[in-house]
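# Structural features, examined
Residue-level listing of the chains:
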Protein chains: 2
Amino acid sequence: MKARIHITLKSGVLDPQGKAIQQALTGLGFDAVEDVRQGKYIEVELSESDAEAARTKVSDMCEKLLANTVIENYDIEIVD
Amino acid sequence: MKARIHITLKSGVLDPQGKAIQQALTGLGFDAVEDVRQGKYIEVELSESDAEAARTKVSDMCEKLLANTVIENYDIEIVD
């Protein structure tokens, strides 16, 4: 079972990496860019056959290690 | 219009960051973890109303700046 995790900065938290990308894109002539936010994407392969149990484990992983829940949100998608 | 971009390492390319996460998770007692791959997730807000035009632009951004296409794949999703 595979889990796809998106970790994104909460709205209101400054994203200097996103701003740097935005400026680089504007510098390359992409004028239509209004905002850029960068997050993390993590794929975890689990030896777990129950989707609900997998989601609980991955949620625990996010709380304990993967995300800084003070400034970041995480979103978990379980796929086969 | 918003574009969600996933940038992941091609299969076969070593992912030391993913391996470090995997070891940290195992160290925390998450034994069910078999593999971890880390990628990037970028959200781009565009002043473009046509979805096809937006996709073309974002694809161009990936080729020119966001992804290293020698070792990375990118996947674009256009949302309203």
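Above this text is the structure in question.
The following paragraphs examine the structure supplied in this document.

Rules of the game
Residues numbered from 1 in each chain as written. Chains lettered and ligands numbered in written order. Predicted model: local features only at pLDDT ≥ 70, side-chain atom pairs only at ≥ 80, totals over all residues. Heavy atoms only, no water. Helix = DSSP H or I, 4+ residues; strand = E, 2+ residues; numbered from the N terminus. Expected span 1.5 Å × (residues − 1). Buried < 20%, exposed > 50% of the residue type's maximum accessible area, 1.4 Å probe, protein only. Arc of directions from axis to C-beta. Contact = heavy atoms within 4.5 Å. Buried area = accessible area lost by both parts, 1.4 Å probe. Salt bridge = Lys/Arg side-chain N within 4 Å of Asp/Glu carboxyl O. Polar contact = N/O pair within 3.5 Å; in protein donor to acceptor, adjacent residues only side chain to side chain. Nonpolar A, V, L, I, M, F, W, Y, C, P; charged D, E, K, R; others polar. Pairing = 2+ DSSP bridges.

A word on helix α2 (residues 51-66) of chain B. Look at α2(B): only 19 Å from first C-alpha to last across 16 residues, short of the 22 Å you get at 1.5 Å a residue. Buried within α2(B) are the following residues: Ala54(B), Val58(B), Met61(B), Cys62(B) and Leu66(B). One side of α2(B) holds all its buried residues, which, seen down the axis, span an arc of 100°. Turned more than 90 degrees away from the buried face of α2(B), the exposed residues are Glu52(B), Thr56(B) and Lys64(B). Looking at the buried positions of α2(B), the neighbouring elements they touch are α1 (16-27) and β2 (33-46) of chain A together with β1 (2-9), β2 (33-46) and β3 (72-79) of chain B.

Here we come to the interface of chain A and chain B. Each partner contributes to the interface: chain A provides 29 residues, whereas chain B provides 29 residues. Summed over both partners, the interface of chain A with chain B buries about 2700 Å², with 70% contributed by carbon and sulfur atoms. If you sort the residues of chain A by the area they bury against chain B, Phe30(A), Ala32(A) and Tyr41(A) come out on top, with a joint share of 21%. Inspection of the region where chain A meets chain B yields 0 salt bridges. Between the two partners, chain A and chain B, sit 11 residue pairs in polar contact (both at pLDDT 80 or more). Sorting the residues of the side of chain A that touches chain B by element identifies β1 (2-9), α1, β2 and α2 (51-66) of chain A as the ones contributing at least two each. The residue makeup of the side of chain A that touches chain B, split by class, is 15 nonpolar, 5 polar and 9 charged. As paired strands, β2(A) and β2(B) are joined by 13 bridges and run antiparallel to one another. Its bridge partner lying in β2(B), Asp35(A) is registered against Glu45(B).

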